[in-house]
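Residue-level structure breakdown
What follows is each chain in one-letter form.
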Amino acid sequence: MPGGAPRFAVPGRIAVSEQAESVWRTATLTEIRPETPHAATFRLAVPGWAGHLPGQHLMLRLTAEDGYTAQRHYSIASAPDGSGHIELTLDRVPDGEVSGWFHTVARPGDTFEVRGPLSGFFAWPGDRPALLLGAGSGVVPLMSMIRHHRARGLDVPLRMLVSARGPGELIYSAELGAETTPVFTRSAPTGTPVGRMTAAHLAPLMAERPPGGWEAYVCGSNGFAEHVSRLLVRAGQPVDRIRIERFG
Ligand SMILES: Cc1cc2nc3c(=O)[nH]c(=O)nc-3n(C[C@H](O)[C@H](O)[C@H](O)COP(=O)(O)OP(=O)(O)OC[C@H]3O[C@@H](n4cnc5c(N)ncnc54)[C@H](O)[C@@H]3O)c2cc1C
């Protein structure tokens, strides 16, 4: 994809491709909510949306007036609720074509296409204890799991370790509860250590040993996924019970 200014530069004028396969659905942007200085949540109305499981993602397609298209994967942030609406949370990637369009041009009423849900492998239906480990926007599919857990009043154990550069960069910070331990890599409130996620962060969670053991869900960059997978294996988590979604 070329860099520079977003090519989809006409508010409200993103056309739905006439050649879209039947699996593509038209999504209408209904609301934009800032989360951090670099991330925002985009609420979409998707008539006919088939529903999803927490942890799944979709394919999103922008089509410009000249027919040029750009497709990207985005995790679904909202819990399944049958409302016909879903929410995505996008980090603004420097010079990013699609994330740049969403952050600088998109307005409620704009339309584009989505296809999904995708990836049953990373889905969590709420049926087993889940240990969630995310970094940056990797928290997005994990938040869908937490929201689902709360909305359904589930009592199956759910814990999350989430890494962010600092408190201001922690996506959904106001919504995170006792299930979540944040790890700050660059700056932290006084008295809170600064640094990468380590075995020491994981140890108390692994010690909980819920019935049936943890299913681990890891989401973030390639580097984060590799680092955390190693920590998990060293802490005794079975390899076949580590599910990884890489955004890199
Ligand atoms: C399964 C899956 C789920 C995803 N879910 C989310 C999500 O919920 N929220 C979200 O914000 N993103 C998510 N992503 C990433 C997303 O698909 C795009 O890669 C991202 O939005 C960048 O696209 P862009 O068009 O803005 O940037 P591009 O125009 O593709 O890239 C612009 C420049 O930025 C670099 N770059 C691309 N991606 C990144 C990145 N993630 N970090 C740093 N540099 C990058 C490129 O190398 C390039 O130089 C997901 C990816 C996958 C595979």
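Residues numbered from 1 in each chain as written. Predicted model: local features only at pLDDT ≥ 70, side-chain atom pairs only at ≥ 80, totals over all residues. Heavy atoms only, no water.

1. Some details on the overall build of the protein
To keep things clear, this is the line we draw: Numbering of helices and strands runs from the N terminus; a helix is a DSSP stretch of H or I covering at least four residues, while a strand is a stretch of E covering at least two. Computation of the radius of gyration draws on C-alpha atoms alone. For the globule rule, the value is 2.2 Å times the number of residues to the power 0.38. Between buried and exposed lies partly exposed: a residue is buried under 20% and exposed over 50% of the maximum accessible area for its type, with that area taken using a 1.4 Å probe on protein chains only. By definition, residues are in contact when any of their heavy atoms lie within 4.5 Å. Note on areas: Shrake-Rupley with a 1.4 Å probe; residue coverage comes only from the protein chains shown.
Summing up its helical and strand segments, the protein has four helices and eleven strands in all. Taken over C-alpha atoms, the radius of gyration comes to 18 Å for the protein, in line with the 18 Å a tight globule of 248 residues would show. Relative to its 248 residues, the protein shows a buried fraction of 47%. When contacts within the protein are restricted to residue pairs at least 6 apart in sequence, those whose partners lie at least 24 apart make up 69%. Total accessible area on the protein is roughly 11400 Å²; 52% of this is exposed by carbon and sulfur atoms.

2. A few points about the sheet that holds strand β4 (residues 69-75)
The condition that has to hold: Between any two strands, pairing holds if DSSP finds at least two bridges. Here the axes come from fitting lines to C-alpha atoms, over the contacting stretch only for helices, and the angles between their N-to-C directions go from 0 to 180 degrees.
Strand order across the open sheet formed by six strands is β4-β3-β6-β1-β2-β5, with antiparallel pairing between neighbours. Where the open sheet ends on each side, the last strands, each with one partner, are β4 and β5 (85-91). The average undirected angle you get between the axes of adjacent strands in this sheet is 40 degrees. When strand β1 (residues 25-36) meets strand β6 (residues 111-118), the two strands line up antiparallel, connected through four bridges. Within the sheet, the bridge partner assigned to T28 lies in β6 and is T111. The strands that helix α1 (residues 97-104) touches are β2 (39-45), β3 (57-63), β4, β5 and β6; relative to β4, the one it contacts most, it runs at about 80 degrees.

3. Points about unusual backbone geometry
P117 follows G116 through a cis peptide bond whose omega is 10 degrees. Relative to the elements of secondary structure, P117 occurs in strand β6. Although it is not a glycine, S119 sits at a positive phi angle of roughly 65 degrees. Summarising the element assignment, S119 is placed in the loop between β6 and β7 (130-135).

4. Notes on the side chain of T36
Relative to the helices and strands, T36 resides in strand β1. According to the relative accessible area criterion, T36 is buried, its value standing at 10%. Excluding its chain neighbours within four sequence positions, the residues that come into contact with T36 are G168, E169, L170 and I171.

5. Observations regarding the domain arrangement of the protein
Defined as follows: Domain borders in the structure are assigned automatically or taken from a domain database. Buried area is a sum: the accessible area each of two parts loses on coming together, probed at 1.4 Å, counted once for each and added. For this analysis, a salt bridge means a side-chain nitrogen from Lys or Arg found within 4 Å of a carboxyl oxygen belonging to Asp or Glu. Whenever a nitrogen or oxygen atom comes within 3.5 Å of another N or O atom, the pair is scored as a polar contact, on the condition that within protein one atom can donate a hydrogen and the other can accept it, and that pairs from neighbouring residues in sequence are kept only if both atoms are in side chains. Residues are sorted three ways: Asp, Glu, Lys and Arg are charged, Ala, Val, Leu, Ile, Met, Phe, Trp, Tyr, Cys and Pro are nonpolar, and all the rest, Gly among them, are polar.
With domains assigned, the protein is organised as domain 1 (25-117) and domain 2 (130-247). A straight line from the C-alpha centre of domain 1 to that of domain 2 covers 24 Å. The junction of domain 1 with domain 2 conceals about 1300 Å² of combined surface from both sides, 55% of it contributed by carbon and sulfur atoms. When the buried surface of domain 1 facing domain 2 is broken down by residue, P54, S75 and A77 rank first, second and third, together holding 30% of it. In this assembly, domain 1 and domain 2 are joined by zero salt bridges. Our count for the domain 1 to domain 2 interface comes out at five residue pairs in polar contact (both at pLDDT 80 or more). Elements with a minimum of two residues in the side of domain 1 that touches domain 2: β1, β2 and β5. Residues that form the side of domain 1 that touches domain 2 fall into these classes: seven nonpolar, nine polar and four charged.

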